[in-house]
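Structural features, examined
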Amino acid sequence: MKTISTQLAFLFFLSVFVSGSGMAQTKAFRKGSILVGLSEGSTRSFYSTMNDASPWQIGPNQSLHGQRDPLSFEYGITDHWGIGFNSGNDLFNINPNSFYGTDAFTGAAKATTSEFTLDLSYHFYIAEKNDLSLTGSFGSSSVSLTGNSGEAKYQYLANGNIVRLGIHARHYFCKRMGVLAILSTYSSGNSTLNVSGNTFGNIYSTSIKG
């Protein structure tokens, strides 16, 4: 009787282990997972500039609506932690005359931000088809305005760093395809120091928080 009970107990724990292993294999994130995400969305940001030669703000701290299109990559180093990178651009329509102390523009111009960050993610909720993670990012950023104003070409380029904190939500329709939603907050600072070729704004740094 004792032998039968022992065998039943062994079979029970074996079935739990096999079931648990099967569940682990079907979870949305685990060690060795490779996640690639392409997204398109919007950003609400505060765009401001500073005259580096004077300790006072030149441009208004203006709230702007922009477009955003990040590409992300992540690799699972454990069943909950992942490392990766993110590359993206934001687009804003601004009035350079207001922000950079120039009168060369007759209307709005398009400011383009670029970023490349290294990311660390913690996946705090993992199910078969759903995955929630917190992601912290740090990397390089830049702001540029380039184009033509009448017959004259113009250029403004500033380089710096960006810090971002966000939450990522994924839902999978099948084994390898799903939908991704991102909500994040960030802060970047960009300077024209050691940048050549600018036609305006050479002493203006740009700060964007959103």
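Within each chain, residues carry numbers counting from 1 in the order of the written sequence. Restriction of local features to residues with pLDDT of at least 70 applies here, the model being predicted, together with a cutoff of 80 or more for giving and counting side-chain atom pairs; totals for whole chains, interfaces and linings are based on all residues. Excluding hydrogens and water, the side-chain values take into account all heavy atoms of the structure.

This part takes up the overall build of the chain. Numbering of helices and strands starts at the N terminus; helices are DSSP runs of H or I of at least 4 residues and strands are runs of E of at least 2. Looking only at helices and strands, the chain has 2 helices and 10 strands in total. Listed by position from the N terminus, the elements making up the chain come as α-β-β-β-β-β-α-β-β-β-β-β. Only protein chains enter the accessibility calculation, which uses a 1.4 Å probe. A residue is then buried if its area is under 20% of the maximum for its type, exposed if over 50%, and partly exposed in between. Considering the chain as a whole, with its 210 residues, one finds that 35% of them fall into the buried category. In this analysis, two residues are considered to be in contact whenever any of their non-hydrogen atoms come within 4.5 Å of each other. Contacts in the chain between residues far apart in sequence, at least 24 positions, make up 61% of those at least 6 positions apart.

Counting residues in each nonpolar core, the largest one holds 19 residues, and the members touching the most others are Tyr47, Phe92, Ile94, Tyr100, Leu145 and Phe200. The greatest single-element share of this core, amounting to 4 residues, is contributed by strand 8 (residues 152-172). Residue contacts for Tyr100: discarding those within four places in its chain leaves Tyr47, Thr49, Ile94, Leu145, Tyr156, Phe200, Tyr204 and Thr206. Of all hydrophobic cores here, the second largest spans 5 residues; its members include Ala28, Phe29, Leu35 and Tyr172. As used in this record, nonpolar core signifies buried Ala, Val, Leu, Ile, Met, Phe, Trp, Tyr and Cys residues forming a set joined through side-chain atoms within 4.5 Å.

Let's shift gears to the confidence of the model for the chain. One confidence number per residue, pLDDT, is output by the predictor and ranges from 0 to 100. In the predicted model, the chain carries a mean pLDDT of 86, and 87% of its residues have values of at least 70. The low-confidence segment residues 1-24, where pLDDT is below 50, has 1 contact with residues more than four positions distant or belonging to other chains.

In this section: the side chain of Thr102. Here Thr102 shows up in the loop between helix 2 (96-100) and strand 6 (109-126). Assessed through its relative accessible area of 14%, Thr102 is described here as buried. Contacts of Thr102, omitting those with residues within four sequence positions, involve Pro96, Asn97 and Phe200.

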